[in-house]
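Here is what each chain is made of, one letter per residue.
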Amino acid sequence: MTARTMDAGTGDVTLFHTSQLDKLINMARENSLWYLLFGLACCGIELMQFGGPRADVMRFGAIPRASPRQADFMIVAGTLTYKMAERAKLLYDQMPEPKYVISMGSCSNCGGLFQLGYSVCKGVDKVIPVDVYVPGCPPRPEALTEGLIRLQELIRSEPWATKRRPAKGSAA
Amino acid sequence: MTTTEIHDRLKARFGDDVGPLSEPKIDAFAVVTRERIVEVCTFLRDEPGLELDFLEDLTALDWPKNNQIEVVYHLLSYRHRHSIVLKVQLDRAAPSISTVEGVWKTANWFEREVYDLFGVTFAGHPDLRRIMLPDDWIGHPLRKDYQETGGYHGFSNVRENPLVELKRLDDVRRAEAAKAAGGVDGPAKA
């Protein structure tokens, strides 16, 4: 039996043969999305309801995590100040790839009511890439649940292995 | 004891260093000279019958036309249920005043806040740093002539008009779609 040589750049070949496996992996990923708690203001209260018994996102496999190392996506909930923006970027950088961000509420979408303030960051997408924007002030837990479902749809349809999205201005 | 009576006691002790009591719109206030504020505060805290033991609030006002920054002290006595407001007028170019942190401990953070937002330096303060804004922030935002410096640490402070931005994204998408359609139609058929 001769030793088989594989293509040096095994990525494409492997992925081609395992495209069905990719679907399986994506299914596993979309149904166990753990989220990093990042409640900054009143949206944080709705974020707690999102994990509570009424909205109950654990039925979608979403579990709150207090550590970025264990989180798959991050929910930025509330007014982001410039001082906090650096911390948000740090937390995002600490999350393992592939990683996602849901921006919850007007404040983290665009600065919202406080966007004319001198210390308020005009949207979390100025700092880290955002996948799903949930409008509202604050959004109801149902709206955020829909945001989670949209994120699941996104994850279902993407190749996960090559996904890399560093924060703006970071070295990676 | 009414505010007027407190003011009379203060006037009897400090004379011209304490100004007249203002019209009582909400809280009547007396203007105190900058040099004697610590003495006045210590007196008000310790004098039997006054004992204003609680510094309710310490804040500031910016008056660019008068070229002044006013520091405001709201005092309250829990024991006697009376209160008075003191004001000190400072030069706007280089506002500086002695700290009352030694009189009421709670002044520590109030003074840091006033320093942070108005740029008033409190001489003798044990830890005069910014309290809310980042340490390397430029300027003091509650001054009337404060100008934003354009973002912070590379984070832009400009938000696009959403309608303009959506139109731009639509145009980009349409151009890409046209390009993709052209690409399929052109070389694939030929």
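Predicted model only: the values in this text are computed from it and were never measured.

Peer 1: For this particular structure, what's the right way to read the overall build of chain B?
Peer 2: Counting its regular elements, chain B contains four helices and seven strands. Start at the N end of chain B and walk to the C end: the helices and strands fall as α-β-β-α-β-β-β-β-α-β-α. For chain B, the C-alpha radius of gyration of 28 Å lies well beyond 16 Å, the compact-globule estimate for 190 residues. Seen through its C-alpha atoms, chain B measures out along the principal axes to roughly 105 × 35 × 35 Å. Considering chain B as a whole, with its 190 residues, one finds that 36% of them fall into the buried category. Within chain B, residue pairs in contact and separated by at least 24 positions form 49% of the contacts whose partners lie at least 6 positions apart. Looking at chain B as shown, the accessible area adds up to about 11,100 Å², and 55% of this sits on carbon and sulfur atoms. A gap of 5 Å separates the mean positions of the 25 positive and 32 negative side-chain charges of chain B.

Peer 1: Looking at this structure, I do not really get the confidence of the model for chain A. What am I missing?
Peer 2: Where the model shows low pLDDT, its predicted coordinates should not be examined in detail. Chain-level pLDDT for chain A is 83 on average; 86% of the residues reach the 70-or-more range. Note that pLDDT drops below 50 for residues 1–7 of chain A; the model gives that stretch one contact with residues more than four away or on any other chain.

Peer 1: What should I look at first to understand the UniProt feature "binding site: [4Fe-4S] cluster" in chain A in this one?
Peer 2: All names here are of chain A. The sites that carry the UniProt feature "binding site: [4Fe-4S] cluster" are, in the present numbering, Cys42, Cys43, Cys107 and Cys137. Of the residues just listed, which span 96 residues, no C-alpha pair is farther apart than 10.2 Å, and they cluster in one region. Following the sequence through the fold, Cys42 ends up in the loop between β1 (34–39) and α3 (43–51). Secondary-structure assignment places Cys137 in the loop between β5 (132–134) and α6 (141–156).

Peer 1: Looking at this model, I keep getting lost on the interface of chain B and chain A. Mind explaining?
Peer 2: By convention, interface size is frequently given as the accessible area that disappears when the constituent parts associate. Taken together, the contact pairs 19 residues of chain B with 17 residues of chain A. A buried area of about 1,400 Å², summed over both sides, lies between chain B and chain A, and 60% of it is on carbon and sulfur atoms. Together, Glu148, Phe155 and Arg159 of chain B form the three largest contributors to the area buried by chain B at its contact with chain A, with a combined 45%. Between the two partners, chain B and chain A, sit zero salt bridges.

Peer 1: Explain the pairing of strand β4 (residues 68–77) of chain B to me, please; I cannot follow it from the model alone.
Peer 2: Here is the key point about a regular strand: its side chains alternate between the two faces of the sheet. Residue and element names in this part refer to chain B. Within β4, nine of the 10 residues are buried, which leaves it mostly tucked inside the rest of the structure. Sheet topology note: the strand β3 (residues 54–63)/β4 ladder contains nine bridges and is antiparallel. From the neighbouring strand, Trp63 faces β4, where its bridge partner is Gln68. One ladder, built from 10 bridges, connects β4 with strand β5 (residues 82–91); its direction is antiparallel. If you follow Val72 over to β5, its bridge partner there is Lys87.

Peer 1: What exactly am I supposed to notice about helix α1 (residues 3–14) of chain B here?
Peer 2: Side chains that are three or four residues apart share a direction in an α-helix, a result of its 3.6 residues per turn. All names here are of chain B. For α1, built from 12 residues, the straight-helix expectation of 16 Å at 1.5 Å per residue is met to within 8% by its first-to-last C-alpha distance of 16 Å. Those residues of α1 that sit buried are Ile6, His7, Leu10 and Phe14. Burial along α1 is one-sided: seen end-on, the buried residues are contained in an arc of 100 degrees. Among the structural elements, β1 (18–21), β2 (29–32), α2 (37–46) and β5 are those in contact with the buried residues of α1. A positive phi of about 65 degrees marks Gly15, the residue just after α1.

Peer 1: What should I look at first to understand the confidence of the model for chain B in this one?
Peer 2: Residue and element names in this part refer to chain B. Confidence along chain B averages 88 in pLDDT terms, with 96% of residues attaining 70 or more. Per-element confidence in chain B is highest for β4, whose mean pLDDT is 94, and lowest for helix α4 (residues 162–189), whose mean pLDDT is 78. A low-confidence stretch, residues 186–190 (pLDDT under 50), is modelled with three contacts involving residues beyond four sequence positions or located in other chains. Prediction confidence for the complex, expressed as pTM and ipTM, is 0.76 and 0.70 respectively.

Peer 1: Any chance you could explain the packing of aromatic side chains here in plain terms?
Peer 2: Two aromatic rings, taken as a pair, are described by how far apart their centres are and by the angle between their planes. Inspection of every chain in the model, using the stated rule, returns eight aromatic pairs over all chains. An angle of 35 degrees between the planes, with centres 6.2 Å apart, marks the rings of Tyr82 of chain A and Trp137 of chain B as tilted. With Tyr82 of chain A in helix α4 (residues 82–94) and Trp137 of chain B in the loop between β7 (121–123) and α4, the pair connects residues from two separate chains. Here Trp137 of chain B falls in the buried class, since its relative accessible area comes to 10%. Between Tyr82 of chain A and Tyr152 of chain B the ring centres are 6.1 Å apart and the planes differ by 40 degrees, which places this aromatic pair in the tilted class. Here Tyr82 of chain A is found in helix α4, whereas its partner Tyr152 of chain B is found in the loop between β7 and α4 on a different chain. A single burial state applies to Tyr82 of chain A and to Tyr152 of chain B, both of which are buried. In textbook terms, an aromatic cluster arises when at least three aromatic residues are bridged by ring pairs, as seen for Tyr35, Phe50 and Phe73 of chain A.

Peer 1: What's the story with the pattern of salt bridges in this structure? I'm lost.
Peer 2: Counted under the stated rule, the structure contains 22 salt bridges over all chains. Salt-bridge contacts for Arg29 of chain A lead to Glu158 of chain A; the nearest nitrogen and oxygen are separated by 3.5 Å. Here Arg29 of chain A, found in helix α2 (residues 19–30), pairs with Glu158 of chain A, found in the segment after α6; they are 129 residues apart in sequence, far enough to count as distant. By the burial criterion, Arg29 of chain A is buried, and Glu158 of chain A matches it. Shared partners join several salt bridges into a network, and the residues in it are Asp17, Arg36 and Glu39 of chain B.

Definitions and cut-offs
- Along every chain, residues carry numbers that run from 1 in the direction the sequence is written.
- As a convention, the first chain written is A and the first ligand written is 1, with the rest following in written order.
- Thresholds applied to this predicted model are a pLDDT of at least 70 for local features of residues and 80 or more for the giving and counting of side-chain atom pairs; totals over whole chains, interfaces and linings are not thresholded and use all residues.
- In computing side-chain values, all of the structure's heavy atoms are included and hydrogens and water are not.
- We count a stretch as a helix when DSSP gives it H or I for four or more residues in a row; a strand needs E for two or more, and each element gets its number in order from the N terminus.
- The atom set for the radius of gyration is the C-alpha atoms, and the globule formula is 2.2 Å times the number of residues raised to the power 0.38.
- Each residue's exposure class comes from its accessible area (1.4 Å probe, protein chains only) as a fraction of the maximum for that residue type: buried when under 20%, exposed when over 50%, partly exposed otherwise.
- Every residue pair with non-hydrogen atoms within 4.5 Å of one another is taken to be in contact.
- Here, Shrake-Rupley sampling with a 1.4 Å probe gives the accessible areas, and only protein chains in the shown set may cover a residue.
- His is not counted, nor are the chain ends, whereas Lys and Arg count as positive and Asp and Glu as negative.
- Note on charges: their place is set at NZ of Lys, CZ of Arg, CG of Asp or CD of Glu.
- As a per-residue measure, pLDDT tells how confident the predictor is, with possible values from 0 to 100.
- UniProt positions are given in the numbering used here, feature names are shortened, and annotations may be inferred rather than shown by experiment.
- By definition, the buried area sums, over both parts, the 1.4 Å-probe accessible area that each loses when the two are put together.
- By salt bridge we mean one thing: a side-chain nitrogen of Lys or Arg within 4 Å of a carboxyl oxygen of Asp or Glu.
- A pair of strands is considered paired only if DSSP assigns at least 2 bridges between the two.
- Multiplying one less than the number of residues by 1.5 Å gives the expected span of a helix.
- The directions considered for the arc are those from the helix axis to the C-beta atoms.
- Here the aromatic set is Phe, Tyr and Trp, taking the six-membered ring for Trp, and pairing holds for ring centres within 6.5 Å; pairs whose planes are under 30 degrees apart are stacked, those over 60 apart are edge-to-face, and all others are tilted.

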